[in-house]
Amino acid sequence: MQYVTLLGATGSIGRSTLDVLERHPDRYRVFALSAHQRIEELLHLCQHYKPLYAVVANASQADWLQARLTECSVLVGTEGLCQVAEDERVGMVMAAIVGAAGLAPTLAAIRAGKKVLLANKESLVMAGALFMAEVQRHGATLLPVDSEHNALFQCMPRPGTDLDVQGVERLVLTASGGPFWSTSQADLVKVTPEQAVQHPRWSMGPKISVDSATMMNKGLELIEACWLFHAPEHRVDICIHPQSIIHSLVQYRDGSTLAQLGCPDMRTPIAVALAWPERIGSGVPLLDLLRCGPLEFSAPDHDRFPCLDLARQAMRAGGTAPAILNAANEVAVAAFLQNETSFMSIPVIISQTLEHVAGTPADSLEAVLDADARARSCALRLLSANRVNH
Ligand code: NDP
Ligand code: MG
């Protein structure tokens with residue numbers, strides 16, 4: 001029986017994780033659940049899953065929730081998130097908060113030597129070098145939940161070791177292409193937030209849905225793959241595969257290509273990460289090869305989706321450049337979701353932020369957070385200039 005802390009319980013990954021945990025009451029117990037805005041939903045989850053702790057964003061939410069829960073202690077803010085991530089009773093931490101807000105508690109779980117199930121790709125993009133060094137130092141285990149990285153992990157017998165030692169030539173990340181894969185450049189200019197969050201294959205939170213539509217999601221995943229699998233950026237390819245049946249592939253020097261296939265449902269990679277190296281039921285049906293239709297592949301269009309190249313550029317620049325890229329993207333996507341900027345401004349804001357904000361070595365959490373803050377204020381300034389012209 002293992003205690004599991006679930007950071008970001010009210011989100012899409014959070015709900016899918018609870019669905020898998022609930023199928024295995026003999027293996028897992030919920031230690032803590034966290035939320036940010038959806039407090040009523042967190043109350044219902046606490047009543048159902050009976051965690052020892054709940055974590056919310058501020059004191060008034062905590063008072064409201066604590067008044068309704070007797071056998072659960074309610075904690076507040078980043079300090080509360082870190083406390084439930086590093087508690088000695090906890091075996092596993094699911095990092096499913098969206099964006100930079102997940103960085104501190106995920107790092108706390110790593111520093112406490114936990115088994116960390118990583119959905120929160122932004123934290124690894126921001127602080128990849130630091131994360132991987134701390135994983136080594138504290139004997140933590142980092143298991144990818146992102147479906148592509150989970151697929152790569154499953155296709156490599158020794159995922160922590162050097163690619164050359166394993167005989168791996170290239171990693172291939174598949175991408176659905178998002179909702180605008182066949183939309184013309186002229187029509188992309190008119191895209192609304194409502195259209196952007198309608199993903200054809202996956203049901204996800206609003207931020208990652210927009211990332212998917214701009215293809216920044218694949219850019220962030222490229223950086224994520226480089227850190228998780230010690231891969232130089234030029235050995236990670238992106239291939240558009242609209243059916244989202246093949247979740248990624250590993251190509252070996254002997255000509256073998258290994259792929260992981262499955263229905264597009266995040267409960268599969270979540271179950272893989274929870275039970276690894278064992279296999280448990282996830283509620284996802286087996287893939288029916290006779291019904292999944294022809295599988296198609298094509299190359300990404302770099303002109304309509306410039307975010308991919310921006311991510312490669314940031315990874316090549318190194319240091320805090322990926323943190324700057326991530327912060328600018330978070331600011332631009334939030335503005336787009338609020339109807340404050342256009343879809344096509346997102347890559348422009350990111351590119352200009354990368355030009356204006358100086359990168360530094362990313363050797364400490366302070367350096368990463370400083371770059372994040374400088375990039376956010378630059379992106380906000382660029383946005384308000386853009387709003388005047390909009
Ligand atoms: P959601 O928006 O659905 O959920 C985000 C969660 O984070 C919610 O529980 C939310 O709380 C919480 N949260 C938001 N802001 C803060 C904050 N400032 N401080 C603390 N908690 C916060 O996102 P997803 O579940 O879709 O994605 C979560 C992460 O997993 C992202 O990093 C995403 O890239 C990654 N991921 C998601 C996939 C998917 O299929 N959804 C696939 C692969 C990776 P509340 O809702 O209460 O406000
Ligand atoms: Mg993914």
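Numbering of residues starts from 1 in each chain and follows the order in which that chain's sequence is written. Working convention: letters from A go to chains and numbers from 1 go to ligands, in the order in which they are written. Reporting of local features is limited, given that this is a predicted model, to residues whose pLDDT is at least 70; pairs of side-chain atoms are given and counted only at 80 or more, and all residues count toward the totals for whole chains, interfaces and linings. Heavy atoms throughout the structure, all of them, feed into the side-chain values; hydrogens and water do not.

### Observations concerning the overall build of the chain
For the purposes of this entry, the term helix denotes a DSSP run of H or I that reaches at least four residues, the term strand denotes a run of E that reaches at least two, and both are numbered from the N terminus. Scanning the chain from N- to C-terminus turns up 18 helices and eleven strands. Taken over C-alpha atoms, the radius of gyration is set against a globule rule of 2.2 Å times the number of residues to the power 0.38. For the chain, the C-alpha radius of gyration of 20 Å lies close to 21 Å, the compact-globule estimate for 390 residues. If one aligns the C-alpha atoms of the chain with their principal axes, the spans along those axes are about 55 × 55 × 40 Å. Each of the 390 residues in the chain was classed as buried or not, and the buried ones make up 58%. In the chain, the proportion of contacts linking residues at least 24 apart, taken out of those at least 6 apart, comes to 68%. The rule is simple: take the accessible area with a 1.4 Å probe, protein chains only, and divide by the maximum for that residue type; under 20% is buried, over 50% is exposed, in between is partly exposed. Whether two residues are in contact is decided by their heavy atoms: any pair within 4.5 Å suffices.

### As for the side chain of Ser-123
Residue placement: Ser-123 occurs in helix 6 (residues 121-126). Contacts of Ser-123, omitting those with residues within four sequence positions, involve Gly-102, Leu-103, Thr-106, Leu-118 and Phe-131.

### Focus on helix 16 (residues 321-337)
A helix is expected to reach a length of 1.5 Å times the quantity of its residues less one. A rise of 1.5 Å per residue sets the reference length of helix 16, with its 17 residues, at 24 Å; its end C-alpha atoms lie 24 Å apart and thus fit the reference within 8%. With 15 of its 17 residues buried, helix 16 lies for the most part within the structure.

### With respect to the domain arrangement of the chain
An automatic or database domain assignment is the source of the domain bounds shown. Here the domain parsing of the chain yields domain 1 (2-145) and domain 2 (318-390). Taken together, the contacts link nine residues of domain 1 with eleven residues of domain 2. Buried surface area refers to the total accessible area, computed with a probe of radius 1.4 Å, that the two partners give up upon joining, counted for both partners together. On the domain 1 side of the contact with domain 2, Val-125, Met-126 and Leu-130 bury the most area, a combined 56% of that side's loss. In protein, a polar contact requires one atom able to donate a hydrogen and another able to accept it; more generally it is a pair of N or O atoms within 3.5 Å, and residues adjacent in sequence count only if both atoms are side-chain atoms. Taken together, the connections running from domain 1 to domain 2 amount to one residue pair in polar contact (both at pLDDT 80 or more). Within the residue set of the side of domain 1 that touches domain 2, elements represented by two or more residues are helix 5 (103-111) and helix 6. Among the elements that make up the side of domain 1 that touches domain 2, the one with the highest residue count is helix 6 (three residues). Side-chain classes follow a simple rule in which Ala, Val, Leu, Ile, Met, Phe, Trp, Tyr, Cys and Pro form the nonpolar group, Asp, Glu, Lys and Arg form the charged group, and the remainder, Gly included, forms the polar group. Of the residues that constitute the side of domain 1 that touches domain 2, the class distribution is seven nonpolar, one polar and one charged.

### A look at the environment of Gly-91
Residue placement: Gly-91 occurs in strand 5 (residues 90-95). Here the alpha-carbon distance between Gly-91 and Leu-382, two residues 291 residues apart in the chain, equals 43 Å. Setting aside anything within four residues of it in sequence, one finds Gly-91 in contact with Gln-2, Tyr-3, Lys-114 and Lys-115.

### Notes on the pattern of salt bridges
Think of a salt bridge as a Lys or Arg side-chain nitrogen and an Asp or Glu carboxyl oxygen that are within 4 Å of each other. This structure, assessed with the given rule, holds 24 salt bridges. Between Lys-207 and Glu-122 there is a salt bridge whose closest N-O contact spans 2.9 Å. Here Lys-207 is found in helix 12 (residues 206-214), whereas its partner Glu-122 is found in helix 6, with 85 residues between them in sequence. The class for Glu-122 is buried, based on a relative accessible area of 5%. Residue Glu-330 is joined to Arg-376 by a salt bridge in which the shortest nitrogen-to-oxygen separation is 3.0 Å. Placement of the pair is Glu-330 in helix 16 and Arg-376 in helix 18 (residues 365-389), with a sequence separation of 46 residues. The class for Glu-330 is buried, based on a relative accessible area of 14%. With relative accessibility at 23%, the residue Arg-376 sits in the partly exposed group. Through salt bridges with shared partners, a single network forms among Lys-121, Asp-146, Glu-148, Lys-218 and Glu-221.

### Quick notes on the coordination of the magnesium ion (ligand 2)
Surrounding the magnesium ion (ligand 2) are the protein donor atoms Asp-146 (OD), Glu-148 (OE) and Glu-221 (OE), which sit 2.1 to 2.3 Å from the metal. One chain supplies every donor for the magnesium ion (ligand 2), spaced along it as D-x1-E-x72-E. A residue pair is termed long-range when its members are at least 10 positions apart, and Asp-146 in the loop between strand 7 (141-144) and helix 8 (147-154) and Glu-221 in helix 13 (residues 216-228) qualify at 75 residues. Here Asp-146 and Glu-221 have matching classes, each one buried. Each metal site is built from N, O and S donor atoms within 2.8 Å (3.2 Å for Na, K and Ca), and since water is not included, such sites may look incomplete.

### Some points on the site of ligand 1
Around ligand 1, the surrounding shell holds 24 residues, and the nearest of these are Thr-10, His-36, Gln-37, Arg-38 and Glu-122. Take Gly-205: an N or O atom from its main chain is 2.8 Å from an oxygen atom of ligand 1. Method for areas: the Shrake-Rupley scheme with a 1.4 Å probe, in which residue coverage is limited to the protein chains shown. Taken by itself ligand 1 offers 900 Å² of open surface, and the protein chains cover 89% of this. Within the residue set of the shell around ligand 1, elements represented by two or more residues are helix 1 (12-22), helix 6 and helix 12. Here the residues of the shell around ligand 1 are counted per class, giving twelve nonpolar, eight polar and four charged. It suffices for a single heavy atom of a residue to lie within 4 Å of a molecule or strand for the residue to be listed as near it.

### Focus: the packing of aromatic side chains
Put simply, two rings from Phe, Tyr or Trp (the six-membered ring, in Trp's case) pair if the centres are within 6.5 Å, and we call them stacked under 30 degrees between planes, edge-to-face over 60, tilted for the rest. The full count for this structure, using the stated rule, is six aromatic pairs. Measuring from centroid to centroid gives 5.3 Å for Tyr-3 and Phe-31, while their planes differ by 70 degrees, and the two rings are edge-to-face. A residue pair is termed long-range when its members are at least 10 positions apart, and Tyr-3 in strand 1 (residues 2-7) and Phe-31 in strand 2 (residues 28-34) qualify at 28 residues. Ring-pair connections join several aromatic residues into one group, and the members of that group are Tyr-3, Phe-31 and Tyr-53.

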